[in-house]
Protein chains: 2
Amino acid sequence: MIDINKEIESLNWDKEPKGLYEPIGYALASGGKRVRPTLALMAAEVIVNGGLLNGDAIEQTVPAALALEVFHNFTLLHDDVMDRAEIRRGRPTVHVKWNDNTAILSGDQMLIEAYKLLAEVPADKLPQVLKWFNEMATGICEGQQMDVDFEHMSQVTLDDYMKMIELKTSVLLANAMRIGGYIAGATPVQQEALYQYGLHIGLAFQVQDDILDVYGDPKTFGKAIGGDICCNKKTALLITALENADAESKAELLQWIMATDRNEEKIAAVTEIYNRLGVRQTCEAIMEEHTALALAQLDKLPQNDTTERLRVMAEQLVMRKS
Amino acid sequence: MIDINKEIESLNWDKEPKGLYEPIGYALASGGKRVRPTLALMAAEVIVNGGLLNGDAIEQTVPAALALEVFHNFTLLHDDVMDRAEIRRGRPTVHVKWNDNTAILSGDQMLIEAYKLLAEVPADKLPQVLKWFNEMATGICEGQQMDVDFEHMSQVTLDDYMKMIELKTSVLLANAMRIGGYIAGATPVQQEALYQYGLHIGLAFQVQDDILDVYGDPKTFGKAIGGDICCNKKTALLITALENADAESKAELLQWIMATDRNEEKIAAVTEIYNRLGVRQTCEAIMEEHTALALAQLDKLPQNDTTERLRVMAEQLVMRKS
């Protein structure tokens, strides 16, 4: 059994120049749920336990799994600079603890480190894995740009939003599953099922994230509650509210969006509007729909303990509080 | 005959989201000497003309050559943000024309685009090329970090400086040569000769760049003359001056380093100290030494028209004015 946290800890960042590598070690040591590498390894386990009984296939998936985690943390470093986010997983972000330039350059190096790990993929699998990894990385940058564009757009539909989070979040989970499974020997049909599972889990995860920003438990959420409301972030909740509101509620909501001071009052008022419009329930329904789509993919895969764990994971996602 | 400018123009950046891809097109359309892809293609030509007469080998080198150019321009985008540089090749830098976040995110995408191009390398050559490319990219980030560290260090030796520019500039040229040659079928001895040619050409090029910042022709240099002097950049000239100065000149130099206003006066005064100490001649000698080391590598390669062009290129480098 691979311990992904141990694998991440075993990466060596005690290298010169320290100014480049220390922030990478700091970022990767800050925990998080390690969702992406865990999914990659689980995808490999589903395939191997269900078929070849080839333990090496799991070992061979480890570098790609680590590449996905390092890549994910690279995006966080640069996103935090762009969003001016000060706290990440309860600790100062890299650009706050060091400075912007450090976050840019160490972030660049993390992206390169991800490709260094990827280069350890068995040579016969490398071309396909590199291609998928590049597509995924492109999707994430495109999604981030769409997210930025949305800030300045007066109207964003829920369809636009779902496309954006698909690129920004879900393609990473989808490719984690597909790459993990492919290295372990998945058939094309299995690769596609793994991809779709990751995609829909990702969509459900992001919508849940939006919900938790408003309705989460401040003790476990790791970020301040209502952050999205304060900065008028076009989340699934805000977009749903604007789409579903009667004229009066919409006017009230738009007035609060213009308010840039009185943050506590704003969070309370907007939450109250969300409650009135049943936004939480609407978004939970979207989340549940995607969870169901993810679960349906599992029927196309070998049935074993890991498939069962993926089932439980999807079900728990809907109930998570942080 | 491959026209590298046409190849670069044929890359398509007319894609959505425009906010992500337009700055990439802008950066790549800004010209420059295309040194890196040209070197990669020339390395391939040296090997092929001297041996297999295999035209496909040159074609196969094109994606890697383009990857090197796109990668190089990625580093410029992020370096310009970190250095707050406003002009690049006579035009506003991306972070000035757009903003910092755009330069960060479009820069990230350029790095990914470089890897997308690299993924087109023939599958049997891909693992080695990816490994070298990753080493090169790592060297460049390490070199950039050393450059940043040097700003805050009271003493930087010329050895430290040469190590820094080796990483920041030369490993890219060295790997351009090695990768180009390798894809075209170079033997290990030839690969090493190509690498060393690029390495020493790069060192000579960077020292020449430092010289031109002070002694270049403002009409063709593309940047303001004396920029390095104004910001106290620890160039080969300043380090040589500090290492070689008598007590009086050193005190004078250090006093000017502390002056942060009166830039024109500072440039004139520091240049005068450089002239007095013969700094230009010392640095030109270093440049010529590395040019000679580069030229010596060519004897280990097949002798043909392209080898001759590499010889001329090295000789002209020493005489360039911009």
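Residues numbered from 1 in each chain as written. Chains lettered and ligands numbered in written order. Predicted model: local features only at pLDDT ≥ 70, side-chain atom pairs only at ≥ 80, totals over all residues. Heavy atoms only, no water.

Novice: Please clarify how the overall build of chain A should be interpreted in this entry.
Specialist: If you tally the helices and strands in chain A, you get 16 helices and two strands. A globule of 322 residues ought to have a C-alpha radius of gyration of about 20 Å, and chain A, at 20 Å, matches this closely. Projected onto its principal axes, the C-alpha positions of chain A cover 60 × 50 × 30 Å. Counting the 322 residues in chain A, one finds 59% classified as buried. Once local pairs closer than 6 in sequence are excluded, the contacts in chain A between residues at least 24 apart make up 73%. Entry remark: accessible area of chain A is about 13,400 Å², with carbon and sulfur atoms responsible for 52%. Once the 31 positive and 48 negative side-chain charges of chain A are each reduced to a mean point, those two points are 2 Å apart. (Helix = DSSP H or I, 4+ residues; strand = E, 2+ residues; numbered from the N terminus. Rg over C-alpha atoms; globule rule 2.2 N^0.38 Å. Buried < 20%, exposed > 50% of the residue type's maximum accessible area, 1.4 Å probe, protein only. Contact = heavy atoms within 4.5 Å. Areas by Shrake-Rupley, 256 points an atom, 1.4 Å probe, with all protein chains shown as cover. Lys, Arg positive; Asp, Glu negative; His and termini not counted. Charge placed at Lys NZ, Arg CZ, Asp CG, Glu CD.)

Novice: How should I be thinking about the pattern of salt bridges in this particular structure?
Specialist: Side-chain pairing between opposite charges can occur once the charged atoms of the two side chains come close. Summed over all chains, the structure comprises 35 salt bridges over all chains. The salt bridge involving Glu-113 of chain B is made with Lys-15 of chain B; its shortest N-O contact spans 4.0 Å. With a gap of 98 residues between them, Glu-113 of chain B in helix α6 (residues 100-118) and Lys-15 of chain B in the loop between α1 (4-9) and α2 (18-28) connect regions that are remote in the sequence. Between Glu-252 of chain B and Arg-276 of chain B there is a salt bridge; the shortest N-O distance is 3.2 Å. Here Glu-252 of chain B is found in helix α13 (residues 247-258), whereas its partner Arg-276 of chain B is found in helix α14 (residues 263-277), with 24 residues between them in sequence. Classification of Glu-252 of chain B as partly exposed rests on a relative accessible area of 29%. By relative accessible area, which is 41% here, Arg-276 of chain B ends up partly exposed. Bridged by salt links that share partners, the residues Asp-14, Glu-16 and Lys-18 of chain A form one connected network. (Salt bridge = Lys/Arg side-chain N within 4 Å of Asp/Glu carboxyl O.)

Novice: Looking at this model, I keep getting lost on helix α16 (residues 305-317) of chain B. Mind explaining?
Specialist: Given 3.6 residues per helical turn, the α-helix brings residues three or four places apart onto the same face. Residue and element names in this part refer to chain B. With 13 residues, α16 should cover 18 Å at 1.5 Å per step; its first-to-last C-alpha distance of 18 Å lies within 8% of that length. Thr-306, Thr-307, Leu-310, Arg-311, Ala-314 and Leu-317 are the residues of α16 that are buried. Along the long axis of α16, the arc covered by the buried residues comes to 155°, so they all point the same way. Among the structural elements, α3 (35-49), α8 (158-183), α9 (188-215) and α15 (279-297) are those in contact with the buried residues of α16. One side-chain oxygen at the N-terminal end of α16 lies 3.0 Å from the backbone nitrogen of Thr-306; it belongs to Asn-304. (Expected span 1.5 Å × (residues − 1). Arc of directions from axis to C-beta. Polar contact = N/O pair within 3.5 Å; in protein donor to acceptor, adjacent residues only side chain to side chain.)

Novice: Would you explain the interface of chain B and chain A in this entry?
Specialist: Accessible area lost on assembly of the parts is the figure often given for the size of an interface. Between chain B and chain A, the contact holds 32 residues from the first and 32 residues from the second. Joining chain B to chain A, the criterion identifies 12 residue pairs in polar contact (both at pLDDT 80 or more). At the level of elements, α2, α4 (55-83), α6 and α7 (126-152) of chain B are the ones that each hand at least two residues to the side of chain B that touches chain A. Counting residues per element, the side of chain B that touches chain A draws most heavily on α7 of chain B, which supplies 12 residues. Residue classes in the side of chain B that touches chain A are distributed as 19 nonpolar, eight polar and five charged. (Nonpolar A, V, L, I, M, F, W, Y, C, P; charged D, E, K, R; others polar.)

Novice: Can you walk me through the environment of Leu-167 of chain B in this structure?
Specialist: All names here are of chain B. You can see Leu-167 is positioned in helix α8. Spatially, the C-alpha atom of Leu-167 lies 25 Å from that of Ala-184, the residues being 17 residues apart in sequence. If sequence neighbours within four positions are ignored, Leu-167 has contacts with Gly-139, Ile-140, Glu-142, Gly-143 and Met-146.

Novice: Any chance you could explain the side chain of Asp-210 of chain B here in plain terms?
Specialist: All names here are of chain B. Examined against the element boundaries, Asp-210 turns out to sit in helix α9. Buried charge Asp-210 goes without a salt bridge, the closest partner of opposite sign being Lys-233 at 7.2 Å. A polar side-chain atom of Asp-210 sits 2.9 Å from the main-chain amide nitrogen of Ala-236.

Novice: Just checking my understanding: could you explain the relation of the copies chain B and chain A for this structure?
Specialist: One copy of the chain maps onto the other through a rotation about an axis followed by a shift along the same axis. Note on the identical chains: chain B maps onto chain A by a rotation of 180° and an axial translation of 0.0 Å, with an RMSD of 0.0 Å. Accordingly, the operation relating the two chain copies is best matched by a two-fold axis. (Least-squares fit on C-alpha atoms with pLDDT ≥ 70 in both.)

Novice: Quick question: what am I supposed to make of the packing of aromatic side chains here?
Specialist: Each aromatic ring pair is characterised by the separation of its centres together with the angle its planes make. Residue and element names in this part refer to chain A. Enumeration over the complete set of coordinates arrives at 13 aromatic pairs over all chains. Measuring from centroid to centroid gives 6.5 Å for Trp-13 and Tyr-21, while their planes differ by 20°, and the two rings are stacked. With a relative accessible area of 1%, Tyr-21 lands in the buried category. When the centroid spacing of 5.3 Å and the interplanar angle of 70° are considered together, the rings of Tyr-115 and Phe-133 count as edge-to-face. (Phe/Tyr/Trp six-rings, centres within 6.5 Å; stacked < 30°, edge-to-face > 60°.)

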